[in-house]
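Listed here are the chains, written in short residue letters.
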Amino acid sequence: MRLDCNGKFLDLSRPQVMGVLNITPDSFSDGGDFFDPQRALDRALQMQDEGAAVIDVGGESTRPGAGPVSVSDELQRVVPVIDALQAQLTVPISIDTRKPEVMQAAVAAGAGLINDVNALRAPGALEAARASAVPVCLMHMHGDPRTMQADPHYADVVAEVKAFLLQRVAACEAAGIGRQRLLLDPGFGFGKTVEHNLQLLARLEELAATGLPVVVGLSRKSMIGKLLGLDIAGRLPASIALAVLAVERGARLVRAHDVAATWQALQMQAALQRVQQVETAQRQ
Ligand code: 8Y4
């Protein structure tokens, strides 16, 4: 399966890595180091060299409790970076935004995938995504970034996340966005307790059973900090384990900060998977 991302291609016939490029001044993982388009470009090229199949550019922090960013601030951050990246990268660029104006401008500047943590629920987002003609990642978020971690409750988190995402798929199809353009993401950490996150990972196959490619973002997230008592800088080993466990359960695209390490792990997994398939076939 190969997605056309605005003239560049994302091959999801095997699991791939989406490299994170934050361009927010308060971005908690890299301190806003990549605000400068040249530095952003260097980091993106490095992630491409390290094996990233797509680079996710975000100009709005969605960390719990983060305040809103205006359309014009977000455009000023992301458009110059996408302009620079689209000329230099061979892999597609993903735009991490909830705003239709940013989707439109980013795709006009060369972005090839819309990564919306709000699943196109903002007014005008379905229309902007339809007109853009690029694939869309629909993510589940309970509440909004300001309030989402305030005591979230679900009767069955897996069933509810899946039902929500399938509703958004239906809304997309009704708006003229065909399902061949859609990817689904359970939204680890977005209005979920550690137990909710673990249930979603344990039963990720139920989401993969939709037939749509599943995206996961587990890299450095606070569930690792809470379970293991680690600060962000110490979360790489657990992030790699979670990436492999998610791919084992059907994830096709892993959003990650540490591209080289994540890609190494997924390649080893793919090599083993290939041999295991041959083994299984020979036994039948
Ligand atoms: C440390 C580092 C602690 C990062 C928390 C975080 C996802 C996403 C984000 C995701 C998709 C984040 C934009 C939150 N997470 N997009 N975006 N899936 N599709 N937190 O899980 O990285 S931002």
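Here is what the cut-offs are and how they apply
- Residues numbered from 1 in each chain as written.
- Predicted model: local features only at pLDDT ≥ 70, side-chain atom pairs only at ≥ 80, totals over all residues.
- Heavy atoms only, no water.
- Helix = DSSP H or I, 4+ residues; strand = E, 2+ residues; numbered from the N terminus.
- Rg over C-alpha atoms; globule rule 2.2 N^0.38 Å.
- Buried < 20%, exposed > 50% of the residue type's maximum accessible area, 1.4 Å probe, protein only.
- Areas by Shrake-Rupley, 256 points an atom, 1.4 Å probe, with all protein chains shown as cover.
- Lys, Arg positive; Asp, Glu negative; His and termini not counted.
- Charge placed at Lys NZ, Arg CZ, Asp CG, Glu CD.
- Near = heavy atom within 4 Å.
- Polar contact = N/O pair within 3.5 Å; in protein donor to acceptor, adjacent residues only side chain to side chain.
- Nonpolar A, V, L, I, M, F, W, Y, C, P; charged D, E, K, R; others polar.
- Contact = heavy atoms within 4.5 Å.
- Pairing = 2+ DSSP bridges.
- Right-handed = clockwise from strand over helix to strand, strands pointing away.
- Patch = residues over 30% accessible without salt bridge, like charges linked within 9 Å, V, L, I, M, F, W, Y side chains within 5 Å.
- Salt bridge = Lys/Arg side-chain N within 4 Å of Asp/Glu carboxyl O.
- Axes fitted to C-alpha atoms, helices over the stretch in contact; angles between N-to-C directions.
- Parallel < 35°, antiparallel > 145°, perpendicular 65-115°, else oblique.
- Left-handed = near helix turned anticlockwise from the far one by under 90°.
- pLDDT = per-residue confidence, 0-100.

What the protein contains, in helices and strands, is 10 helices and 10 strands. Over its C-alpha atoms the protein spans a radius of gyration of 18 Å, differing by no more than 12% from the 19 Å that the globule rule assigns to 284 residues. Taking the principal axes of the C-alpha coordinates as reference, the protein spans close to 60 × 45 × 40 Å. When burial is assessed residue by residue, the protein has 54% of its 284 residues classed as buried. As displayed, the protein offers around 12200 Å² of accessible surface, 52% of which is attributable to carbon and sulfur atoms. For the protein, the distance from the average position of its 27 positive side-chain charges to the average position of its 31 negative side-chain charges is 3 Å.

So, about the site of the ligand. Inspection of the region around the ligand gives 17 residues, with N115, D185, R220, K221 and R255 positioned closest. Here G217 contributes a backbone N or O atom positioned 3.4 Å from an oxygen atom of the ligand. In the environment of the ligand, an oxygen atom lies 3.2 Å from a nitrogen or oxygen atom belonging to the side chain of R255. Classifying every residue of the shell around the ligand gives six nonpolar, six polar and five charged.

Now for the environment of L165. Of note, L165 is situated in helix α5 (residues 157-174). Each C-alpha atom of the pair L165 and H196 lies 16 Å from the other, and the pair is 31 residues apart in sequence. Ignoring anything within four residues of it in the chain, the contact list for L165 reads L138, M139, H140, L184, D185, P186 and L207.

Taking every second residue as pointing to the same face, both faces of strand β5 (residues 93-96) are buried, with I93 and I95 on one and S94 and D96 on the other. Two elements, strand β4 (residues 54-58) and β5, share four bridges in a ladder whose sense is parallel. Bridge pairing in β5 links G58 to D96. Strand direction decides the pairing type here: β5 and strand β6 (residues 113-116), joined by three bridges, are parallel. Considered in β6, the bridge of S94 is made with L113. Following the backbone out of β5, through helix α3 (residues 100-108) and into the adjacent parallel β6, one traces a crossover that is right-handed.

This next bit is on a nonpolar patch on the surface. A cluster of nonpolar side chains, namely L198, L227, L228 and L230, defines an oily patch on the protein surface of about 330 Å² accessible area. Take L198: it is sitting in helix α6 (residues 194-202). Under the relative-accessibility criterion, L198 is labelled partly exposed at 31%.

Turning next to the environment of L10. Mapped onto the elements of the fold, L10 is located in strand β2 (residues 8-11). For L10, a relative accessible area of 0% puts it in the buried group. Residues L10 and V91, spaced 81 residues apart in sequence, show a C-alpha to C-alpha distance of 7.4 Å.

The next point concerns the environment of V79. Position of V79 relative to the elements: it lies in helix α2 (residues 71-88). In this structure the C-alpha to C-alpha distance between V79 and G110, which are 31 residues apart in sequence, comes to 9.2 Å.

In this section: the packing of helix α1 (residues 37-49) against α2. Geometry of a packed helix pair, given as the angle between the helix axes and the separation of the axes. In contact at an axis separation of 9 Å, α1 and α2 are set at 40° when each is read in the N-to-C sense. Comparing their axes, α2 and α1 come out oblique. The hand of the α1/α2 crossing is right-handed. Of the residues in α2, those touching α1 at P37, A40, L41, A44 and L45 are P80, V81, A84, L85 and Q88. Broken down by class, the residue content of the contact of α1 with α2 amounts to nine nonpolar, one polar and no charged.

Before going further, it helps to examine the confidence of the model for the protein. Confidence in the prediction for the protein averages 94 pLDDT; 95% of positions are at 70 or higher. For the protein, α1 is the element with the lowest average pLDDT, namely 94, and strand β9 (residues 214-217) is the one with the highest, namely 99. Low pLDDT, under 50, characterises residues 27-34; the stretch is placed with 20 contacts to residues that sit more than four places away or in other chains.

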